Amino acid sequence: MSSSVIAFLGTGNMNGAILRGLLAAGHPAGQIRATTRSAESASALAADTGVEARPAGQDESANAWAVDGADVVVLGVKPVGIAALAAQIAPLLAPHTVVVSVAAAITLATLEAALPAGQPVVRSMPNTPLQLGAGVVGISRGTSADDAAVATASAVFSDSGEVFEVPESQIDALSAVSGSGPAYAFYLAEAMADGGVALGLDRELALRLASATIAGGGAMLSQPGADPVALRRAVTSPNGTTERAIKTFDQLGVREAIAAGEKAAAERATALSIELA
């Protein structure tokens, strides 16, 4: 992968995090190109990373320069602009170039319709902890993406998180668990802090306690072979305080509420794909 030329079209939070993950893993800055909205953001990115960047918002040739000879092109603009961007670069792509989209709700069919027949396309669904090298990335291959293309796309993300390939029919379910999932953890931290305040703790202290606890639990879950059921049981002594809390959660239907929320998230993702098709 270190010899691959990678073009990032759009360098917002997600694409910027992926780019920095590659650099941190040793990918040469000279093998990465980027386009941004403005000259200011291009200059800032170049100064921060050493990657050459050009402002596509002000230079019509910027995207053409970025994709020329690229082995991988990562599309990272807003979903509403992805199809138009794909169509713009379509005549400029080499047949082997793997096109990777990080845009939510844009289907493989939409991407493939805007690109040359036979172009290898991979749809991805990263989550925000990728910015800290602790992300989860789901990928789905297009009709012309073989194992080599999928491996190339996976390598773009593997230094920033774990990569899981699923069929596109499951990408909305994956998004409901891992794409939206960080927000569920933050929501739980909020709720834990609110509960601590109700018990008499200072709010700042309650927030710090809840946040550190969620982070610590996540670190334990990240260990090889970690099992959430086993970890929970290890903390839950019979007739103890934790068991009382878990039983209360079960009585209130917390588990069912989470499953219902994930179902709603997946259904909304499907609806957005239809709206943006």
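This text follows the structure it describes.
First, a word on what this report is: a plain description of the structure on this page. (Residues numbered from 1 in each chain as written. Predicted model: local features only at pLDDT ≥ 70, side-chain atom pairs only at ≥ 80, totals over all residues. Heavy atoms only, no water.)

**Observations concerning the sheet that holds strand β6 (residues 121-126)**
Selection rule: Whether two strands pair depends on DSSP finding at least two bridges between them. A helix here means a DSSP run of H or I that spans at least four residues, while a strand means a run of E at least two residues long, and both kinds are numbered starting from the N terminus. Fitted lines through C-alpha atoms serve as axes, helices being fitted only where they are in contact, and the angles separating the N-to-C directions of these axes extend from 0 to 180 degrees. Residue contacts follow a heavy-atom distance rule, with two residues in contact if any of their heavy atoms lie within 4.5 Å.
Taken in spatial order, the eight strands of this open sheet run β3-β2-β1-β4-β5-β6-β7-β8, and their pairing is mixed. The sheet terminates laterally at β3 (52-55) and β8 (161-165), the two strands that pair on one side only. On average, each strand axis in the sheet is tilted by 20 degrees relative to the strand beside it, whichever way the strands run. Relative to strand β7 (residues 135-141), β6 runs antiparallel, the two being bridged by five bridges. If you follow Arg123 over to β7, its bridge partner there is Ser140. Helix α2 (residues 39-49) rests against β2 (32-36) and β3 of the sheet, and its axis sits at about 175 degrees to β3. Each of β1 (6-9), β4 (72-75), β5 (98-101), β6, β7 and β8 is contacted by helix α6 (residues 147-157), which is oriented at about 160 degrees to β7, the strand it contacts most.

**Points about the pattern of salt bridges**
To keep it simple, the criterion reads: Whenever a carboxyl oxygen of Asp or Glu lies within 4 Å of a side-chain nitrogen of Lys or Arg, that contact is scored as a salt bridge. Exposure classes here rest on a 1.4 Å probe applied to the protein chains alone. A residue is buried below 20% of its type maximum, exposed above 50%, and partly exposed in between.
Following the criterion strictly, the structure yields eight salt bridges and no others. The closest approach of N and O atoms between Arg20 and Asp48, which form a salt bridge, is 2.6 Å. Residue Arg20 is located in helix α1 (residues 13-24), and its partner Asp48 is located in helix α2; the two are separated by 28 residues in the primary sequence. Residue Arg20 is classed as partly exposed on the basis of its relative accessible area, which comes to 36%. Between Glu168 and Arg123 there is a salt bridge whose closest N-O contact spans 2.8 Å. Of this pair, Glu168 sits in the loop between β8 and α7 (171-179) while Arg123 sits in strand β6; the two residues are 45 residues apart in sequence, bridging distant segments of the chain. Classification of Glu168 by relative accessible area gives partly exposed; the value is 28%. Overlapping salt bridges bring together Arg141, Asp147 and Glu165 as one network.

**Notes on the side chain of Ser178**
Within the element layout of this structure, Ser178 appears in helix α7. Residue Ser178 is classed as buried on the basis of its relative accessible area, which comes to 12%. When sequence neighbours within four positions are dropped, the list of residues in contact with Ser178 reads Asn127 and Val136.

**Observations concerning the nonpolar core**
Under the convention used in this document: We call a set of buried Ala, Val, Leu, Ile, Met, Phe, Trp, Tyr and Cys residues a nonpolar core when their side-chain atoms join them within 4.5 Å.
In terms of nonpolar packing, the biggest core is built from 28 residues, with Phe8, Ile18, Val156 and Phe157 touching the most fellow members. Put simply, the parts of the chain that give this core at least two residues each are β1, α1, β2, α2, β4, β5, β7 and α6. Non-local contacts of Phe157, meaning those with residues more than four positions away in its chain, are made with Ile18, Val100, Val102, Ser124, Leu130, Val137, Ile139 and Val163. In terms of nonpolar packing, the next biggest core, distinct from the first, is built from 23 residues, Trp65, Val73, Leu85 and Ala114 among them.

**Here's the deal with a nonpolar patch on the surface**
Condition: To count toward a patch, a residue needs a relative accessible area above 30% and no salt bridge. Like charges then connect within 9 Å, nonpolar side chains (Val, Leu, Ile, Met, Phe, Trp, Tyr) within 5 Å. Each accessible area value is a Shrake-Rupley result obtained with a 1.4 Å probe; residue values ignore everything except the protein chains displayed when judging cover.
A surface patch of nonpolar side chains, about 380 Å² in accessible area, is lined by Phe249, Leu252, Val254 and Ile258. Within the element layout of this structure, Leu252 appears in the loop between α11 (241-251) and α12 (254-276). Residue Leu252 is classed as exposed on the basis of its relative accessible area, which comes to 66%.

**Regarding the packing of helix α8 (residues 181-198) against helix α9 (residues 203-221)**
Stated precisely, the cut-off is as follows: Orientation labels follow simple angle bins: below 35 degrees gives roughly parallel, above 145 gives roughly antiparallel, 65 to 115 gives roughly perpendicular, and whatever is left gives oblique. Crossings are assigned a handedness: left-handed for a near helix turned anticlockwise from the far helix by less than a right angle, right-handed for a clockwise turn. Nonpolar residues are Ala, Val, Leu, Ile, Met, Phe, Trp, Tyr, Cys and Pro. Charged residues are Asp, Glu, Lys and Arg, and all others, Gly as well, are polar.
For the pair α8 and α9, the least separation of the axes is 8 Å and the interaxial angle reads 140 degrees. In this view, α8 runs oblique relative to α9, as classed from their interaxial angle. Our pair here, α8 against α9, has a crossing hand that is right-handed. Contacts between α8 and α9 involve Ala185, Leu188, Ala189, Met192, Ala193, Asp194, Gly196 and Val197 on the former and, on the latter, Arg203, Ala206, Leu207, Ala210, Thr213 and Ile214. Grouping the amino acids of the contact of α8 with α9 by side-chain chemistry returns 10 nonpolar, two polar and two charged.

**Details of the environment of Ala46**
Its location among the elements puts Ala46 in helix α2. Since its relative accessible area comes to 28%, Ala46 is described here as partly exposed. Residues Ala46 and Ala29, 17 residues apart in the sequence, show an inter-C-alpha distance of 9.6 Å.

**Focus on the pairing of β6**
Defined as follows: We call a crossover right-handed when, viewed with the strands running away from us, the connection from the first strand over the helix to the second turns clockwise.
Counting buried positions along β6 yields six of six residues, so the element is predominantly enclosed. By the alternation rule, side chains of β6 split into Val121, Arg123 and Met125 and Val122, Ser124 and Pro126, which are all buried. Strand direction decides the pairing type here: β5 and β6, joined by three bridges, are parallel. Of the residues in β6, the one forming a bridge with Ser101 is Arg123. In this region the chain leaves β5, passes through helix α5 (residues 108-114) and returns to the parallel neighbour β6; the handedness of that crossover is right-handed.

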